[in-house]
Protein chains: 2
Amino acid sequence: MRIKILLALLILVISGKVISQSDDSLIIRNIYSEALTSSISYENLRYLCKNIGGRICGSPQSEIAIDWVKNVLKDMNLDNVYLQECRVKQWVRGEKEISYINSSTSGKYYFNCCALGMSIGTGEDGISANVIEVKSFDELKSLGREKVGGKIVFFSRAADQRFINTGSGYGSAVDQRVHGAIEAAKLGAIGVVIRSATVAFDSFPHTGIMRYEDSTKRIPAIAISTKDAERLSNFLKNDPSLNFYFRTTCIENPEVKSYNVIGEIKGSEFPEEIILVGGHLDSWDTGEGAHDDGAGIVQGIEVLRLYKELNIKPKHTIRFVAYMDEEIAQRGARKYAEIVKSMNEKHIAAIESDGGGFTPTGFSIDASDTVVSVMQKWLRILRPYDLFFIEKGGSGVDVWFLKDQGFPLIGLDVDSQRYFDSHHSPNDVFEKVNRRELQLGSAAMASLIYLIDEYGLK
Amino acid sequence: MRIKILLALLILVISGKVISQSDDSLIIRNIYSEALTSSISYENLRYLCKNIGGRICGSPQSEIAIDWVKNVLKDMNLDNVYLQECRVKQWVRGEKEISYINSSTSGKYYFNCCALGMSIGTGEDGISANVIEVKSFDELKSLGREKVGGKIVFFSRAADQRFINTGSGYGSAVDQRVHGAIEAAKLGAIGVVIRSATVAFDSFPHTGIMRYEDSTKRIPAIAISTKDAERLSNFLKNDPSLNFYFRTTCIENPEVKSYNVIGEIKGSEFPEEIILVGGHLDSWDTGEGAHDDGAGIVQGIEVLRLYKELNIKPKHTIRFVAYMDEEIAQRGARKYAEIVKSMNEKHIAAIESDGGGFTPTGFSIDASDTVVSVMQKWLRILRPYDLFFIEKGGSGVDVWFLKDQGFPLIGLDVDSQRYFDSHHSPNDVFEKVNRRELQLGSAAMASLIYLIDEYGLK
């Protein structure tokens, strides 16, 4: 390593860059240089997207992806690679969904649509009914069973564009997707159509999880693209009595075995103390799961590769977890947390990358003020890499299950503007990921892990 | 305006957002909300890219673009819209460039190529010669006239990926494009091929300005794509004696009249004191000039529209300048600065957006430390909009010509990772611009201008 550092220093001097001479600065400089000049993580993502593709939990593709990650980790000469069994739901989309209107004023129009995740199907014949358009559950309730019964409810509220972080915009609309079918069924609706939950204005249907409750009848639900949602609103203005047809053949099969995939570099001083870096290996089935969350998977693998390639020997164990089933029921994350608790495995920190393979901007910390302030002192050393903040905030869906054990949780924050262009849609493909943006995310996490490993969080 | 502010406050209260109650915060919140919910700037960019297209200075497209910007500004009910005459060079690319090798070992292979801007053409028959590959001017000089004379010099040095800002990576390679033909001609070369100056690894040839000097013979120069550059290196390894052919029919016509386009909202208190926001209207001809710099143009127009729409009455004059001819000889910027000087027009500040329509991250200030520290106090109010820094640094090519008059110059800093995927290539198209990223840039500049107008820079 010493030679690599000197070599890097030499290169930096030659290239005219002057940086702090401390070892930490040099190691972080090395991490970034290696990440930005190796195409391995980008090519891994290409493989995951193009050769395996969308990989909803329980699917054959998810099994292939588990094997592939395991083999990639095995080939890296790590100290430990293993699978961690969990059981997952197995929802199957079935045939390509169909939806259309046939209106006296607007003619026949087919919508870009997809079933929402975990929805029941309509059956082979599909369903057909008049449409009631609403923007909120309150509006729906005010209409009452008389107006809603027997209808298809169209939830058409657009995501709020005014938030700077698109996650908040998404959050302003996603209730329709998650709870729409329950609220509509309570009033006797026979089906639900939602405007895709995204800040993008596009022609892709965006899927995602929806929920039923035991006490309420299950009715089928689809999303249509945001552009089609505006068309449907216009069609309804011209002809409020138009008939909407949709057909979905999705089904839920019995639960099956699946796995988290785990790879480790053992710590030299504290092998029993773990710094976790994770992402989720499952994805929705309509795209390639590139940003969500192929990026997090190849970035986690890349963190381990950077340690190996640069011969950085961590004091604590660095553990990569490819979580299974973030999208449906977080069974992998629940199982992982359960085992951590039963084995009493101490986690120094758990970092998640699940915001897409975009330019990182900082870290969001779900931990005590003390931990946050320790980390904020490192901002000075990370700022030259355009990491702008370390702030108290959320972390990630999967590592969150470790929260009740009191471990510091960390989310890699990335530029959110393009995330919902791809999110849960056929547009979540490899081509939408920029190589350098992806690489910077790996380097950011590896650098933070280096500092946590070196200095701890106390 | 008061009603608008109250309305915005109400909306914010309804939507559950709590923000600072100060007028400044509210006005900036309004600026962002309007920018993020109006598609006007995005649709303007679509028009400029799709209906007008690439618009190299002196071209018919550049004239159409000048008319279009003038008309857009006229329709905005501004206080003043006018053209400012300048003279520009008129370089014409001619027919689609052709380049290939015909090698005994590799067969015939056509390269993705384009003439460099201002290069002479090869003539109808093209030129053909053996290739000498070098990575630097020093290497070229060490080879000497004996080995270089009569050859085509292939400058193959890749951009350095290790810089975080891709502009620095570009800077590490662009000397080959700008000065390669001079250095090669000094040693008797008959033509130059460069690896495109970009951090992208792609199939697009990236053009850009190149220079001749009076004392050295002018030889034709082309760029090939970065992927093709690596192919050519490999071909040469197998067959160092291979013949490279290229044909370009570019010519330089006599200079012609052209124009900067200017639109103003007059200041209510200090109409003679100007806050300038600018971008450049010309672009390279091989793409649509979307990021470079259609984005800057529509953002500057949007700044004025935000002021009008929100009925913000500036104390100082807000002037938008659509500069002509940034890419070739900055004739518009030179003329503008000359007139400012002769008219003694005081500029409070001049802001340029020419880094592409990407997510803004902060502002780079070319001004005194005092000005920088005044502005840094505003970071608190801008930070909720993910503007992370206000730092001393460069501004932009066009406003730079005002530097010797001592005015504070400001560059809008944006995420640079994807800029060189498009830069000067057929890939600089509307589809590569994200609506929200573009909108955030307008809002960032309008907000900063609001603060400068309100508080000054002293």
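Counting from 1, residues in each chain are numbered in the order their sequence is written. Going through the entries in the order they are written, you letter the chains from A and number the ligands from 1. Only residues with pLDDT of 70 or above have their local features reported here, since the model is predicted, and side-chain atom pairs are shown and tallied only from 80 upward, although totals for entire chains, interfaces and linings are computed over all residues.

S.K.: It is not clear to me how the overall build of chain A should be interpreted in this structure. Could you clarify?
M.R.: The helix and strand tally for chain A stands at 14 helices and 16 strands. Overall, the C-alpha framework of chain A stretches about 75 × 45 × 40 Å when taken along its three principal axes. Looking at chain A as a whole, 56% of its 458 residues are labelled buried. Throughout, a pair of residues is in contact if the C-beta atoms placed from their backbones lie within 7 Å. Taking as baseline every contact in chain A between residues at least 6 positions apart, the subset at least 24 positions apart corresponds to 82%. For helices the rule is a DSSP run of H or I covering at least 4 residues; for strands it is a run of E covering at least 2, with both sets numbered from the N terminus onward. Counting other C-beta atoms within 10 Å of its own, a residue is labelled buried from 20 upward, exposed at 12 or fewer, and partly exposed in the gap between, with every C-beta atom placed from the backbone.

S.K.: Any chance you could explain the domain arrangement of chain A here in plain terms?
M.R.: The extent of an interface is frequently quoted as the accessible surface area lost upon association of the parts. Residues and elements named next belong to chain A. What counts as a domain boundary in this text is fixed by an automatic or database domain assignment. Per the domain assignment, the segments making up chain A are domain 1 (2-89 + 255-455) and domain 2 (94-249). Residue-level contacts link 14 residues of domain 1 with 17 residues of domain 2. In the side of domain 1 that touches domain 2, the residues fall into five nonpolar, seven polar and two charged. Three residue categories are used. Nonpolar comprises Ala, Val, Leu, Ile, Met, Phe, Trp, Tyr, Cys and Pro, charged comprises Asp, Glu, Lys and Arg, and polar comprises the others, including Gly.

S.K.: Could you clarify how one ought to interpret the sheet that holds strand 15 (residues 389-392) of chain A in this entry?
M.R.: Two modes of strand pairing occur in sheets, parallel and antiparallel, and in both the strands are linked by backbone hydrogen bonds. Residues and elements named next belong to chain A. Whether two strands pair comes down to DSSP finding at least two bridges between them. A sheet is described by the order of its strands in space; here eight strands give the open sequence 1-10-12-11-13-16-14-15, paired in mixed fashion. Edge positions in the sheet fall to strand 1 (80-92) and strand 15, since each has one partner strand and no second. Going from strand to strand, the sheet's axes swing by 20° on average, the running direction of each strand aside. Note: strand 1 against strand 10 (residues 251-265), twelve bridges, orientation antiparallel. For N80, the partnering residue across the bridge sits in strand 10 and is E264. A fitted line through C-alpha atoms represents every axis, and for helices the fit uses only the stretch in contact; the resulting angles, taken between N-to-C directions, go from 0 to 180 degrees.

S.K.: How do you make sense of the nonpolar core when you look at a structure like this?
M.R.: In summary, soluble globular proteins display a tendency toward joint burial of nonpolar side chains. Each nonpolar core consists of buried Ala, Val, Leu, Ile, Met, Phe, Trp, Tyr and Cys residues. Their C-beta atoms, within 7 Å, join them into a set. The biggest cluster of nonpolar side chains holds 271 residues, and the ones touching the most others in it are V153, V192 and I449 of chain A together with V153, V192 and I449 of chain B. If we skip the residues at most four places from it in the chain, V153 of chain B touches I132, V134, L140, V148, G180, A184, A189 and V192 of chain B.

S.K.: Would you explain unusual backbone geometry in this entry?
M.R.: Among all residues except glycine, the phi angle is most often negative; among peptide bonds, the trans geometry is most common. With an omega of 0°, the peptide bond between D292 of chain A and D293 of chain A qualifies as cis. In this structure, D293 of chain A sits in helix 9 (residues 290-309).

S.K.: For this particular structure, what's the right way to read helix 14 (residues 435-455) of chain B?
M.R.: Owing to its 3.6 residues per turn, the α-helix brings residues three or four apart onto one side. Residues and elements named next belong to chain B. A helix is expected to reach a length of 1.5 Å times the quantity of its residues less one. The first and last C-alpha atoms of helix 14 sit 31 Å apart over 21 residues, in line with the 30 Å expected at 1.5 Å per residue. Counting buried positions along helix 14 gives 18 out of 21 residues, so the element sits mostly inside the fold. Looking one or two residues beyond helix 14, the residue adopting positive phi is G456, at roughly 70°.

S.K.: Which parts of the structure should I look at to understand the relation of the copies chain B and chain A?
M.R.: Each of the two chain copies goes to the other by way of a rotation about an axis and a shift along it. Here the copies are superposed with least squares, the fitted atoms being C-alpha atoms of residues at a pLDDT of at least 70 in both. When chain B is fitted to chain A, the residual RMSD is 0.0 Å, and the transformation amounts to a turn of 180° plus an axial shift of 0.0 Å. Taken together, the turn and the small shift mark the pair as related by a two-fold rotation axis. Taking the C-alpha atom as reference, chain B places F388 of chain B closest to the rotation axis, 3.2 Å from it. Both copies contact each other with a shared surface, as 100% of the interface residues of chain B are interface residues in chain A too.

S.K.: I would appreciate a short explanation of the interface of chain B and chain A in the present structure.
M.R.: Taken residue by residue, the interface counts 20 residues in chain B and 20 residues in chain A. Elements supplying a minimum of two residues to the side of chain B that touches chain A: helix 2 (23-37) and helix 14 of chain B. The leading source of residues in the side of chain B that touches chain A is helix 2 of chain B, at four residues. Taken together, the residues that form the side of chain B that touches chain A break down as six nonpolar, seven polar and seven charged.

S.K.: Help me understand the pairing of strand 12 (residues 316-323) of chain A, please; the structure alone is not making it clear to me.
M.R.: If a strand is regular, its side chains alternate between the two faces of the sheet. All names here are of chain A. Within strand 12, eight of the eight residues are buried, which leaves it mostly tucked inside the rest of the structure. Relative to strand 12, strand 10 runs antiparallel, the two sharing five bridges. Residue E264 lies in a different strand from strand 12, and its bridge partner there is R319. Examined bridge by bridge, strand 11 (residues 270-280) and strand 12 share eight bridges and lie parallel to one another.

S.K.: Looking at this structure, I do not really get the sheet that holds strand 12 (residues 316-323) of chain B. What am I missing?
M.R.: All names here are of chain B. The eight strands lie next to each other as 1-10-12-11-13-16-14-15, forming an open sheet whose pairing is mixed. Each of the sheet's edge strands pairs with one partner strand only, and the pair in question is strand 1 (80-92) and strand 15 (389-392). Between one strand axis and the next, the sheet turns through 20° on average, direction left out of account. Relative to strand 16 (residues 409-414), strand 14 (residues 360-366) is paired through six bridges, and the arrangement is antiparallel. Counterpart to D366 in the pairing with strand 16 is L409. Together, strand 1, strand 10 (251-265) and strand 12 form the strand contacts of helix 4 (residues 60-74), whose direction differs from that of strand 10 by roughly 10°.

S.K.: Just checking my understanding: could you explain helix 7 (residues 174-186) of chain A for this structure?
M.R.: Residue and element names in this part refer to chain A. Counted at 1.5 Å a residue, the expected span for helix 7 with its 13 residues is 18 Å, and the 19 Å between its end C-alpha atoms agrees. What we call the bend at a residue is the angle made by axes fitted to the seven residues finishing there and the seven residues starting there. At G180, helix 7 shows its largest kink, close to 60°. Among the residues making up helix 7, those that are buried are V174, Q176, R177, G180, A181, I182, E183, A184 and A185. Tucked inside the fold, the buried residues of helix 7 contact helix 5 (137-148), strand 6 (152-155), helix 6 (166-171), strand 7 (191-195) and strand 8 (221-224). Positive backbone phi, at 90°, marks G188, one or two positions downstream of helix 7.

S.K.: So what exactly am I meant to see when it comes to the confidence of the model for chain A here?
M.R.: Interpretation of this model should avoid reading the predicted coordinates in detail wherever pLDDT is low. Residues and elements named next belong to chain A. Note on scores: pLDDT gives the predictor's confidence for each residue, bounded by 0 and 100. Per-chain confidence: chain A averages 95 in pLDDT, with 95% of residues scoring 70 or above. Every residue in residues 1-21 scores below 50 in pLDDT, and together they form 20 contacts with partners more than four places removed in sequence or on other chains. For this predicted complex, the interface score ipTM comes out at 0.94, while the overall pTM is 0.95.

S.K.: Just checking my understanding: could you explain the environment of A129 of chain B for this structure?
M.R.: All names here are of chain B. As for its position among the elements, A129 is in strand 5 (residues 127-134). You can call A129 partly exposed: it has 16 C-beta atoms within 10 Å. Separated by 112 residues in the primary sequence, A129 and S241 place their C-alpha atoms 9.2 Å from one another.

S.K.: Explain the packing of helix 3 (residues 40-52) of chain A against helix 14 (residues 435-455) of chain A to me, please; I cannot follow it from the model alone.
M.R.: Between two packed helices, what matters for the description is the angle formed by their axes and the separation of those axes. All names here are of chain A. At their nearest, the axes of helix 3 and helix 14 sit 9 Å apart, and the two run at 115° to each other. Of the possible angle classes, the one that applies to helix 3 and helix 14 is roughly perpendicular. Between helix 3 and helix 14 the crossing geometry is right-handed. When helix 3 is examined against helix 14, the residues S41, Y42 and L45 are found in contact with a partner set consisting of R435, L438, Q439 and S442. A breakdown of the residues in the contact of helix 3 with helix 14 according to their chemical character gives three nonpolar, three polar and one charged. Each angle receives one of four descriptions, namely roughly parallel if under 35 degrees, roughly antiparallel if over 145, roughly perpendicular if within 65 to 115, and oblique otherwise. We call a crossing left-handed when the near helix sits turned anticlockwise from the far one by less than a right angle, and right-handed when that turn is clockwise.

S.K.: For this particular structure, what's the right way to read the environment of T286 of chain A?
M.R.: Residues and elements named next belong to chain A. For T286, the location among the structural elements is in the loop between strand 11 and helix 9. You can call T286 buried: it has 23 C-beta atoms within 10 Å. For T286, the contacting residues outside a window of four places in its chain are G54, C114, T207, S425 and P426.

S.K.: What is the right way to look at the packing of helix 2 of chain B against helix 14 of chain B in this model?
M.R.: All names here are of chain B. Two elements in contact, helix 2 and helix 14, have axes separated by 9 Å at closest approach and are oriented at 155°. The angle between the axes of helix 2 and helix 14 places the two elements in the roughly antiparallel class. Of the two possible hands of crossing, helix 2 and helix 14 adopt the one that is right-handed. The segment helix 2 lies against helix 14, with I27, I28, I31, Y32, A35 and L36 engaging R436, Q439, S442, A443, A446, S447 and Y450. For the contact of helix 2 with helix 14, a count of residues per class yields nine nonpolar, three polar and one charged.

S.K.: Looking at this model, I keep getting lost on the environment of A115 of chain A. Mind explaining?
M.R.: One can find A115 of chain A in strand 4 (residues 113-115). Contact partners of A115 of chain A, with chain neighbours within four places excluded, come to R93, E97, I222, T248 and C250 of chain A.

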